[in-house]
Amino acid sequence: MFKINHVHSDSFRARGCSRSTLILFACLTLVSLSFGQQTIVQQHGQLRVQGNRILDKNGQPVKFDGMALYWSQWKPAFYNASCVNWLVSDWRCSIVRASMAVGSGGYLTNPTGETAKVKAVVDAAIAAGIYVVIDFHETGNGNTDLAAAKTFFNDMSKTYAQYPNVIYETWNEPDNTMAWATVIKPYHEAVIPVIRANDPDNLILCGTKSWSQDVDEASLNPITISSNIIYTLHFYAATHKQSLRDKAQIALNNGIALMVTEGGLSQASGNGAIDTAEARLWLNFMNANYISWMNWSIADLTESSAAL
C-alpha cells in the first residue's frame, strides 16, 4: 500500500477526483516535502547542475515533485493563481509545469493569449515560492518553429531572469524521426543563447529524441555551449518499464542530469491501465537518483492520466 502523507483522501473525493488520482498522489507524497516558515525556493534558492545532479544554493542535491498542467489552449481554466495555490497548499507540489501549446491553436495562432496564460502560472508559482517549468510544448519539428521559440524565450528570460524559481524547457518532445546530432541538438543550441543573453543562471531543459526518451544518446553528445543544462526524460508507467530506466541509468552514468517533466501512471496514450507496481519502481529510481518529476496532468478529462 502507498502511504499518503499530509494529504487527506476525502478532500480529493470532495473535488470529484478519481481513484487513480488518489494513487497518483500517494506516489507524489512518498517523499514528504518540508513546508515550514520558508517556501521551497527560500529553502533551496538558485539551482545549478553539477555532473548528473541538480544542486541547491547550499550545494546539496535536490529533487522536486509536482504536476504538469495540460495543453494550455485546451485547458485554460487551470492557468491561474487559484490552481497553482491549490496545488501547493493542498497537493504539496514543489514544482509545476506550464505546458504551453505551440501548434494546434496554441502560441503560433495566439501568441499574446498563450503567453499571458504562462505568465499567470509563473507569477503564481513565484508568489507561492515554488519552482516552475516554462514548457514550449512543441510536438513537431522544432526547427520549423525556431523563430517563434526564440521570440518566446527572449520574452520569458527578460521577464523572469531575476527569479530562481524559473526553469526553461525549450522543446517538449522531439519524435523518433529526428536525429539528435543534426536536428535536435542544433535547435537547442540556437535557443539557449537567446535565453542566456538575458538569464545566465537558471536551468534549461532540453528535450531528447523519441518523445524525450533517448537520453542515453544525448549523453554521448551533450550540449556544451552553456552550463546548467538538464535533459528531459518522459515515461508512462504502463508502457515504459525497465528498458527506459536502463537508458536513463546510462545517461546518468555518462554524467548528464535528468528531469521528468512528463511522467504518468497510465499508458503512453494517456489512457488505459494505471500500473502502480511499475510506478513504484519509477518512483524508487527517481528518488534514488534525485530526478525531479511532474505528473501528467492537471485536466478534467475522461482519460486515465487526467488527475480530475
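Computed from a predicted model, the values in this text were never measured in an experiment.

J.: Just to check I follow, could you spell out the pairing of strand E8 (residues 229–236) for this structure?
T.: Side-chain positions along a regular strand alternate between the two faces of the sheet. Counting buried positions along E8 yields 8 of 8 residues, so the element is predominantly enclosed. Alignment of strand E7 (residues 204–206) against E8, held across 3 bridges, turns out to be parallel. Within E8, the position partnered with isoleucine 204 by the bridge is isoleucine 229. Direction of pairing for E8 relative to strand E9 (residues 258–264): parallel, over a ladder of 5 bridges. Bridge pairing in E9 links phenylalanine 235 to glycine 263. Note that the unit made of E8, helix H10 (residues 242–253) and E9 has a crossover that is right-handed.

J.: I would appreciate a short explanation of the packing of helix H5 (residues 111–128) against helix H6 (residues 146–160) in the present structure.
T.: Helix packing geometry: the angle between the two helix axes and the distance between the axes. Two elements in contact, H5 and H6, have axes separated by 12 Å at closest approach and are oriented at 25°. In this view, H5 runs roughly parallel relative to H6, as classed from their interaxial angle. For the pair H5 and H6, the crossing hand works out as right-handed. For the pair formed by H5 and H6, the contact residues are Thr115, Val118, Lys119, Val122, Asp123 and Ile126 on the first element and Phe152, Asp155, Met156, Thr159 and Tyr160 on the second.

J.: How should I be thinking about the side chain of histidine 240 in this particular structure?
T.: Take histidine 240: it is sitting in the loop between E8 and H10. Owing to a relative accessible area of 13%, histidine 240 belongs among the buried residues under this scheme. In this structure, histidine 240 is in contact with Gln213, His234, Phe235, Ala268, Glu278 and Trp282, ignoring residues within four places of it in sequence.

J.: Mind showing me how you'd approach the packing of aromatic side chains here?
T.: Each aromatic ring pair is characterised by the separation of its centres together with the angle its planes make. Here the structure, examined in full by the defined rule, presents 16 aromatic pairs. Here tyrosine 70 and tryptophan 296 contribute two aromatic rings whose centre-to-centre distance is 5.4 Å and whose plane-to-plane angle is 45°, an arrangement assigned as tilted. In this pair, tyrosine 70 sits in the loop between strand E3 (65–69) and helix H4 (81–89) while tryptophan 296 sits in strand E10 (residues 293–298), placing the two residues 226 residues apart along the sequence. Plain terms: the ring middles of tyrosine 107 and phenylalanine 152 are 5.4 Å apart, the flat faces sit at 70° to each other, and that makes the pair edge-to-face. Placement of tyrosine 107 in the loop between strand E4 (95–101) and H5 and of phenylalanine 152 in helix H6 is noted, with a sequence separation of 45 residues between them.

J.: For this particular structure, what's the right way to read the nonpolar core?
T.: Ile134, Phe136 and Leu258 are the most contacted members of the largest nonpolar core, which totals 72 residues. In terms of residues, this core owes the most to one element, helix H7 (residues 180–196), which gives 8 residues. Residues within four places of leucine 258 in sequence aside, it is in contact with Val215, Tyr231, Leu233, Ala248, Ala251, Leu252 and Ile291. Listed in part, the 24 residues of the second largest apolar core include Tyr70, Tyr131, Ile167 and Ala257.

Rules behind the numbers
Residues numbered from 1 in each chain as written. Predicted model: local features only at pLDDT ≥ 70, side-chain atom pairs only at ≥ 80, totals over all residues. Heavy atoms only, no water. Buried < 20%, exposed > 50% of the residue type's maximum accessible area, 1.4 Å probe, protein only. Helix = DSSP H or I, 4+ residues; strand = E, 2+ residues; numbered from the N terminus. Pairing = 2+ DSSP bridges. Right-handed = clockwise from strand over helix to strand, strands pointing away. Axes fitted to C-alpha atoms, helices over the stretch in contact; angles between N-to-C directions. Parallel < 35°, antiparallel > 145°, perpendicular 65-115°, else oblique. Left-handed = near helix turned anticlockwise from the far one by under 90°. Contact = heavy atoms within 4.5 Å. Phe/Tyr/Trp six-rings, centres within 6.5 Å; stacked < 30°, edge-to-face > 60°. Core = buried A, V, L, I, M, F, W, Y, C linked by side-chain atoms within 4.5 Å.

All quantities given are derived from atomic positions and should not be read as evidence of function.
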